[in-house]
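Residue-level structure breakdown
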Amino acid sequence: MRMTLAWSVLSLIVLHVQLMACSLANANLRQDILRHYDKNVRPVKNFSQPTEVRMDVSLRQILGLAEREQVLTSLLWIRMYWTDEYLSWDPAQYDDLDIIRIPSGDIWLPDIFLYNNADVWQTGELATNTDVSVTSDGYVTWLQPITARTSCKVNTGLFPFDDQVCDLLLGSWSYDGTEIDLYNTSESGDTSSFVENGEWDLLTVAAKRELNYYSCCPEPWPNLRYLVGLQRRADYYLFTFVLPCMASIFVVLGGFFLPTNAAVRIQLNVTVLLALTVFLMMVQESMPTSSGDVSVIGEIYTTAIAIVGLSTLATVLVINISENDRPVPAWIARYFSDKPPKKVGDNGAATSPYGPHATNGDLHAQAQSNGYDSEACGHVTHAKDYGNDASPPYCRCDNLRKLLGTMQNHYSNAAKENLRRKIWKRLALLVNHFLLFTMFVGTATAVVFIFSPVIQKSNRINPN
């Protein structure tokens, strides 16, 4: 027991001594290599040779793409590697210490900027708030996490079924290609630690090296361009905006099945029109105001508003025909002449068992069936409901003729009025069916025309 305790104490003492020696060696090494170090001088002994800087970008997360401002916000890990010829040492002189970590602000750093920076509070320069690791041969590794806000040209032509390509342009601001030679370590960015976004699917992150020539300087200026391909998840917009719009169109088309003289059809169309206008205003709030392309969802709502407006005009036309008080033109009457009305009194007037074209003889027969026999002198000779001693009433022939004429005119006018109304209603029903078919075909054609670019987009975007 005592031996075990003694060995434990001895191990702790040895470990403590080693840590103190390592810490002392680390402090001595840092002091020695930085004693005469100038961080403002490019770390090469032959200034005719460029400093080769290799870079890699790891995309951690897409924080958002603001279509209206056309700004992509992303979380990046930027890794840079180069050789500093003034930061090498012999590990044997420092207890075999082969790597050391130094604050990045104490050594020379390549002035890498985000060329397409869109953050108003930052210039796009990488901050010096992390340490660098340096090996004994002077190989420097600098890892820098940043939240980048970069400009991105947003194409909203297929919104919300669109793909976007945003670039991250990195390069030196002060050193040209003869002083800093910038390379990418791989053909694509690192997405192994990417965190999924709720609105965007990451398609790819492609990297390529570019050499640019500017009017100010004849030397080439290398930079690295990382192309981030994004595809929008359209489920939210599909269920929130597109499907309600399509349902509103079907509701308007369903209004054609209401009675042709129902004024509630106009109220239905106006209500749907107001709802579509509100939805369109909500969609346009997130769209760029200066966009040259009209989005798919904008085309859908504009088409829907046009359909509702035309449907309202069609409803007004049908109601006007159905409730028309003018005489029926001859060519319309001839068209409906083979469809006579089954009853004359459809408008509520009393009907005659002898039809609308009853003659005086038919009306005399009707009077006889009621118990009266008339003679030329106008006296009633007998009546069924009178007794033997009862005296039959007398009537004049002209009064009977007037009564019969009035009845005949009444039934004739009622039949003509009813036939006129039925012709107008049948014409309104025919026009209503024709307009319904036209609106349905027009709506289907418009939907196919609007969604054809989305359907034709068979493959995903290729940022290269």
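Residues numbered from 1 in each chain as written. Predicted model: local features only at pLDDT ≥ 70, side-chain atom pairs only at ≥ 80, totals over all residues. Heavy atoms only, no water.

Broken down by element type, the protein chain carries seven helices and ten strands. Per-residue burial for the protein chain yields a buried fraction of 38% across its 464 residues. When contacts within the protein chain are restricted to residue pairs at least 6 apart in sequence, those whose partners lie at least 24 apart make up 75%. By element, 58% of the accessible surface of the protein chain is carried by carbon and sulfur atoms, the whole surface being about 27000 Å². (Helix = DSSP H or I, 4+ residues; strand = E, 2+ residues; numbered from the N terminus. Buried < 20%, exposed > 50% of the residue type's maximum accessible area, 1.4 Å probe, protein only. Contact = heavy atoms within 4.5 Å. Areas by Shrake-Rupley, 256 points an atom, 1.4 Å probe, with all protein chains shown as cover.)

What follows deals with the packing of aromatic side chains. Tallied over the full model, the rule gives 13 aromatic pairs. Pairing Phe161 with Phe451 gives two aromatic rings, centres 6.0 Å apart and planes at 65 degrees, and the pair type is edge-to-face. One end of the pair, Phe161, is in the loop between strand S6 (139–151) and strand S7 (163–172); the other, Phe451, is in helix H7 (residues 397–456), with 290 residues separating them in the sequence. As far as the burial class goes, Phe161 and Phe451 line up, both buried. Between Tyr236 and Phe241, the ring centres sit 6.4 Å apart and the planes meet at 80 degrees, which makes this aromatic pair edge-to-face. (Phe/Tyr/Trp six-rings, centres within 6.5 Å; stacked < 30°, edge-to-face > 60°.)

The contact between helix H3 (residues 264–284) and helix H4 (residues 296–322) brings their axes to 10 Å, and the two run at 165 degrees. Comparing their axes, H4 and H3 come out roughly antiparallel. Pair H3 / H4 crosses with left-handed handedness. Contact residues: Arg265, Ile266, Asn269, Val272, Leu273, Leu276, Thr277, Phe279, Leu280, Val283 and Gln284 in H3; Ile297, Gly298, Tyr301, Ala304, Ile305, Val308, Ser311, Thr312, Thr315, Val316, Val318 and Ile319 in H4. In terms of residue class, the contact of H3 with H4 is made up of 15 nonpolar, seven polar and one charged. (Axes fitted to C-alpha atoms, helices over the stretch in contact; angles between N-to-C directions. Parallel < 35°, antiparallel > 145°, perpendicular 65-115°, else oblique. Left-handed = near helix turned anticlockwise from the far one by under 90°. Nonpolar A, V, L, I, M, F, W, Y, C, P; charged D, E, K, R; others polar.)

Moving on, we come to the pairing of strand S1 (residues 51–66). Judged from the five bridges that link them, S1 and strand S8 (residues 180–184) form a sheet pairing that is parallel. Looking at the pairing, Arg54 lines up with Tyr183 of S8. The pairing of S1 with strand S2 (residues 71–83) spans eleven bridges and is antiparallel. Looking at the pairing, Ala66 lines up with Val71 of S2. (Pairing = 2+ DSSP bridges.)

Moving on to the sheet that holds strand S3 (residues 99–103). The six strands are arranged S3-S5-S6-S2-S1-S8 in an open sheet whose pairing can be described as mixed. Whereas interior strands pair on both sides, the edge strands pair on one side only; in this sheet they are S3 and S8. The average undirected angle you get between the axes of adjacent strands in this sheet is 30 degrees. Looking at chain direction, S2 and S6 are connected through 13 bridges and run antiparallel.

Right, let's get into the state of the cysteines. Going through the model one piece at a time under the given rule, you end up with one disulfide. What pairs with Cys152 in a disulfide is Cys166, and their sulfur atoms sit 1.9 Å apart. Where Cys152 bonds to Cys166 through sulfur, the torsion about that S-S bond is close to -75 degrees, and the disulfide is left-handed. Here Cys166 lies in strand S7 and Cys152 lies in the loop between S6 and S7, a separation of 14 residues in the sequence. (Disulfide = S-S within 2.5 Å.)

Scored by pLDDT, the protein chain has a mean of 80; 77% of the residues are at 70 or more. Within the protein chain, S2 carries the highest mean pLDDT (95), whereas helix H6 (residues 360–369) carries the lowest (50). Ignoring residues within four places in sequence, the model shows residues 340–360, a span with pLDDT below 50, making 31 contacts including any to other chains. Contacts from residues 459–464, a stretch scored under 50 in pLDDT, to residues over four places away or in other chains number eleven contacts. (pLDDT = per-residue confidence, 0-100.)

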